[in-house]
Amino acid sequence: MPELPEVESIRAGVAAAVLGQRVRGVEVFHARVVRAIPGGSAALASAVTGQTVQEVARRGKFIWLEFARSEQALVIHLGMSGQLLINDAAYDAATRYYPAGRRHERARFDYGDGVLRFIDQRTFGFLALSAFVASADGRRVPASLAHIAPDALEMTPAQLAQRLAGARREIKRVLLDQKVVSGIGNIYADEALFLAGVDPRARQLGKRRAAWLAEAVRAVLAKALAAGGTSFDRLYRNANGEAGYFERELAVYGRAGQACPQCGHPIQAVPFMGRHTHFCPHCQRH
């Protein structure tokens, strides 16, 4: 599933293309993508057609579009394999035709200068409409996202450390809890824990180690964002169809059995929350 760096890279690309643009029409090619909208594709089209996009925002792993004359946001969740593509290479602007057909294309938004396509091979992602509310941190967000915490780059290091210190659960479980800090998934949790030298199974870090980890989380996310995220396959591309290249910077994630870049001991992978957590047992003793 895309995490904060991937979703933010997509959000920025979409914003660059559609801000100030008027939605001319909507097509939905798979009913599952509008399963969260009462009235389905007809309700979606009625809500957004003719609206002008005034903001493309994000909280955690969710993106939403705000419109100039609407009190509803269009919320987009990419699921495991979702993509938002702007006028990708297969699109012919003159004929508005995709030679490759509609393979995995679930919805399409026509706007002033082009087309925004929602692609989702596994169809776990979805579109939703949501009114706005004030979240606990005071930000105006779609009501369906009000329970999600700010992400690590929205918080100061001290604020994040306070949320991490003293947790009685395994610290990786805390990092993955979107009500504590949003946008972190398996990849960046593993990388941040390694950078901080913290065992993912550790509990009750205390203030000092929580501060180390907070700084590590922010550093890993910022570096990954600068690299455009992590692409292991063609299922993650930014809005311009480009891959992220943070994979080449990964220290432990996906490297089970390989040498730790710091000490040379083998990286271990153990089952955790239905997935695997990757760590160096020599460097991550805390």
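So, how was this worked out
- Residues numbered from 1 in each chain as written.
- Predicted model: local features only at pLDDT ≥ 70, side-chain atom pairs only at ≥ 80, totals over all residues.
- Heavy atoms only, no water.
- Helix = DSSP H or I, 4+ residues; strand = E, 2+ residues; numbered from the N terminus.
- Buried < 20%, exposed > 50% of the residue type's maximum accessible area, 1.4 Å probe, protein only.
- Contact = heavy atoms within 4.5 Å.
- Areas by Shrake-Rupley, 256 points an atom, 1.4 Å probe, with all protein chains shown as cover.
- Phe/Tyr/Trp six-rings, centres within 6.5 Å; stacked < 30°, edge-to-face > 60°.
- Lys NZ or Arg CZ within 6 Å of the ring centre and 35° of its normal.
- Pairing = 2+ DSSP bridges.
- Axes fitted to C-alpha atoms, helices over the stretch in contact; angles between N-to-C directions.
- Core = buried A, V, L, I, M, F, W, Y, C linked by side-chain atoms within 4.5 Å.
- Parallel < 35°, antiparallel > 145°, perpendicular 65-115°, else oblique.
- Left-handed = near helix turned anticlockwise from the far one by under 90°.

Just give me the short version of the overall build of the chain, but keep the residues and values in it.
Within the chain one finds six helices and eleven strands. The burial tally for the chain puts 55% of its 286 residues in the buried class. Intrachain contacts of the chain at a sequence separation of at least 6 include 64% that bridge at least 24 residues. Accessible surface computed for the chain: about 12700 Å², of which carbon and sulfur atoms make up 50%.

If you had to explain the packing of aromatic side chains to someone new, which residues and values would you point to?
Between two aromatic rings, the relevant description is the distance of the centres plus the angle of the planes. Inspection of every chain in the model, using the stated rule, returns one aromatic pair. If you follow Arg140 out to its NZ or CZ, it ends over the ring of Phe132, 3.7 Å from the centre.

Quick one: what's the story with the sheet that holds strand β8 (residues 126–134), residue by residue and with numbers?
Here we have five strands laid out as an open sheet, ordered β2-β3-β4-β8-β9, and antiparallel in their pairing. The open sheet has two free edges, formed respectively by β2 (53–59) and β9 (140–142), since each of these has just one partner strand. Adjacent strand axes in the sheet meet at a mean angle of 30 degrees when their direction is disregarded. Both β2 and strand β3 (residues 62–67) contribute to a ladder of six bridges, which runs antiparallel. Bridging across to β3, Val56 finds its partner in Leu65. Sheet contacts for helix α1 (residues 4–18): β2 and β3; angle to β2, the most-contacted strand, approximately 175 degrees. Strands β3, β4 (72–77) and β8 of the sheet are contacted by helix α2 (residues 40–48), whose axis makes an angle of about 50 degrees with β8.

Would you mind going over the nonpolar core in detail, with residue names and values included?
Most often, soluble globular proteins have nonpolar side chains that are buried together. Counting 34 residues, the largest nonpolar core has Leu160, Leu164, Ile171, Leu175, Ile184, Leu213 and Val217 as its most contacted members. When contributions to this core are tallied by element, the ones reaching two or more residues are α3 (157–164), α4 (171–176), α5 (186–196) and α6 (206–226). It is α6 that contributes the most residues to this core, eight residues altogether. Sequence-distant contacts of Leu164, that is, excluding residues within four places in its chain, are made with Ile171, Val174, Leu175, Ala210, Leu213 and Ala214. Core analysis: the next-biggest nonpolar cluster, separate from the first, contains 30 residues, Leu44, Val53, Val56 and Leu127 among them.

Give me the packing of α1 against α6: which residues, what numbers.
Their axes nearest at 9 Å, the elements α1 and α6 cross at an angle of 40 degrees. When the axis of α1 is compared with that of α6, the two are oblique. The two elements α1 and α6 cross, and the hand of that crossing is right-handed. Here Leu4, Pro5, Glu8 and Ser9 of α1 come into contact with α6, specifically with Leu221, Ala224 and Leu225.

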